[in-house]
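# Observations on the model geometry
Below are the chains, spelled out letter by letter.
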Amino acid sequence: MLSLPNAWFWLRRHMSGGRLAQFMLLLVILVSVQQTIIKKAHAASPTNLASDIEWDEDPLLPGNQKTLTSIEAIEAAFTHARRQEELQLGLSVGALGELTLPGDWAQLTMEQKAVILINAERHVRADGTVIRVPLAGVDSRLTTIAQGYADHLLQTNTWGHAQDGTPTDRLNARFGDPQSEPTVACQEFLARTEALSAFWSTRQGPIAAIIEQAVYAWLYRDSRSKWGHRETILLQDTLPDGSKGYQNNVGSAAHEGFLGVGHAAGAGYDPLDWGWPQWGEVIVLNLIDPSTNPDCSAGNTSSAITVDKVTTRPNSPAAGEIFTVTYSLTNSGSTLLTGLNLTDTFDVKNLQFVSATPSATVDTNAGTISWQAIETTIDGRTLSPAETMTIIVTLVKVNERLLNRDSTLPMLVAEDGWENVIIGVQPEEVLPLLQLYLPTVRR
């Protein structure tokens with residue numbers, strides 16, 4: 001191979017001045033393009049804050065209002081923090097939007113709440129260098145690790161990241177060491193893999209909104225940790241110091257990484273020897289970036305979706321009468337869903353297609369209605385845990401025949417290759433049980 005000086009000598013000897021100039025211009029263009037591609041392939045994490053922002057549900061009242069009594073109170077506190085962040089970072093008012101939570105928030109699991117809150121905060125922070133990719137969801141193996149460490153901290157009355165080995169030790173024991181065994185490990189190296197939070201009370205009993213308070217503290221009250229927890233929660237492809245983040249090279253490009261949550265609570269938890277706590281609770285959050293190792297599963301996840309289907313039509317529709325079929329698809333699992341390709345059918349002898357929302361591909365001869373990646377039609381382009389999307393199909397009766405069960409839309413199915421047949425339909429007396437297949441996260 002020619003050394004750089006020898007290569008330059010060879011070029012000058014074998015190329016005319018004009019050809020050499022053209023070659024060097026092309027070389028500069030190629031290098032510039034390559035550098036541009038590399039820059040676009042990675043994204044820095046969002047900027048840290050200048051100072052803590054206290055929880056405040058109503059900034060119009062004096063002091064910091066903290067009732068934790070309703071979904072509106074939680075939304076108000078996070079929204080207020082976003083307004084304060086905009087002031088600190090010189091962003092336009094409203095740039096970070098407002099937090100809106102699902103109406104059934106109180107019924108969701110702690111893991112579902114963590115995914116929704118964290119992804120909501122990741123999603124709103126985007127500029128020229130931040131790609132705001134959400135986490136894919138919950139990995140049950142990570143939850144086992146996080147729960148085990150939370151239990152250990154409570155039982156031993158200790159606190160910190162290294163009371164039972166390091167976070168790296170705990171993850172490597174389950175997923176392999178990505179640095180010493182990169183070809184066999186089931187995880188990529190990740191600069192940040194754990195966040196801890198603890199709360200204490202002078203009264204015994206559960207502390208309200210524990211996961212909401214933990215996520216808020218990591219994001220907005222983390223100056224004592226030099227914003228390390230905030231960087232962990234909002235971690236993108238690189239940290240502000242250039243440390244390695246998610247590679248986003250497994251599964252859909254619409255999401256990256258998994259989390260697991262552990263929670264332990266009990267009387268007498270006082271690892272700092274304050275003397276006054278009567279009750280303490282610990283939250284452990286672990287993160288993983290799955291590897292491309294084909295022998296590894298990309299997340300043991302809780303994938304589930306609830307389908308409600310209601311047909312609105314006259315009891316005895318006459319020719320020319322219109323009716324609608326409405327699907328309500330709710331992600332009732334703890335993992336983001338992508339690649340939802342759905343197909344429905346209708347009886348072309350009795351019905352004629354009129355319209356569909358979202359727009360669909362329709363074969364009027366075969367009587368099929370298809371949606372490709374239907375989740376991309378909603379904000380965020382994924383169906384997040386507890387998120388609901390609605391599909392409306394409008395049909396018209398084309399003759400005087402009585403409609404039977406088979407004449408309406410009897411089946412909602414997905415393309416081949418999907419796994420995890422899930423849940424059902426309400427009311428069951430309207431139509432036969434629907435079938436919906438969910439894609440694995442990896443595929």
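Residues numbered from 1 in each chain as written. Predicted model: local features only at pLDDT ≥ 70, side-chain atom pairs only at ≥ 80, totals over all residues. Heavy atoms only, no water.

Moving on, we come to the overall build of the chain. The number of helices and strands found in the chain is eight helices and 14 strands. Taking all 443 residues of the chain together, 47% fall into the buried category. Within the chain, contacts between residues at least 6 apart in sequence are counted, and of these 70% link residues at least 24 apart. Only carbon and sulfur atoms are counted for the fraction: they give 52% of the accessible area of the chain, which is about 21700 Å². (Helix = DSSP H or I, 4+ residues; strand = E, 2+ residues; numbered from the N terminus. Buried < 20%, exposed > 50% of the residue type's maximum accessible area, 1.4 Å probe, protein only. Contact = heavy atoms within 4.5 Å. Areas by Shrake-Rupley, 256 points an atom, 1.4 Å probe, with all protein chains shown as cover.)

Attention now goes to the sheet that holds strand β4 (residues 279–288). If you walk across this open sheet you meet the four strands as β1-β3-β4-β2, and the pairing is mixed. Strand pairing shows two members of the sheet lacking a second neighbour, β1 (137–138) and β2 (194–201), which therefore form its edges. Pairing of strand β3 (residues 258–267) with β4, which is carried by 10 bridges, proceeds in the antiparallel orientation. Counted as the bridge partner of Gly262 is Val284 from β4. On the sheet, helix α5 (residues 140–156) packs against β1, β2, β3 and β4 and is oriented at approximately 25° with respect to β3. (Pairing = 2+ DSSP bridges. Axes fitted to C-alpha atoms, helices over the stretch in contact; angles between N-to-C directions.)

In this structure, the largest pocket occupies an estimated 660 Å³ of space. Of all the secondary structure elements, the ones that give two or more residues to the lining of the largest pocket are β2 and α7 (210–220). No other element matches β2, which puts five residues into the lining of the largest pocket. Its residues assigned to classes, the lining of the largest pocket comprises 11 nonpolar, five polar and six charged. The computed volume of the second largest pocket comes to approximately 560 Å³. (1 Å grid on protein atoms, 1.4 Å probe; cavity = no way out; pocket = protein on both sides within 12 Å on 5 of 7 lines; lining within 4 Å. Points joined across faces, edges and corners; volume = space filled by probe spheres on them. Nonpolar A, V, L, I, M, F, W, Y, C, P; charged D, E, K, R; others polar.)

Our focus in this paragraph is the confidence of the model for the chain. Residues of the chain with pLDDT of at least 70 account for 73%, and the chain-wide mean is 76. For the stretch residues 1–15, pLDDT sits under 50, and the model shows nine contacts to residues farther than four places along the chain or on other chains. (pLDDT = per-residue confidence, 0-100.)

Now for the nonpolar core. Membership of the largest hydrophobic core comes to 46 residues, with the highest contact counts inside it found for Phe78, Val215, Trp218, Tyr220, Leu259 and Leu285. Elements with a contribution of two residues or more to this core: α3 (71–89), α4 (110–124), β2, α7, β3 and β4. With eight residues, the top contributor of residues to this core is α7. Sequence-distant contacts of Phe78, that is, excluding residues within four places in its chain, are made with Trp55, Leu99, Leu117, Glu121, Glu212, Val215, Tyr216 and Tyr220. (Core = buried A, V, L, I, M, F, W, Y, C linked by side-chain atoms within 4.5 Å.)

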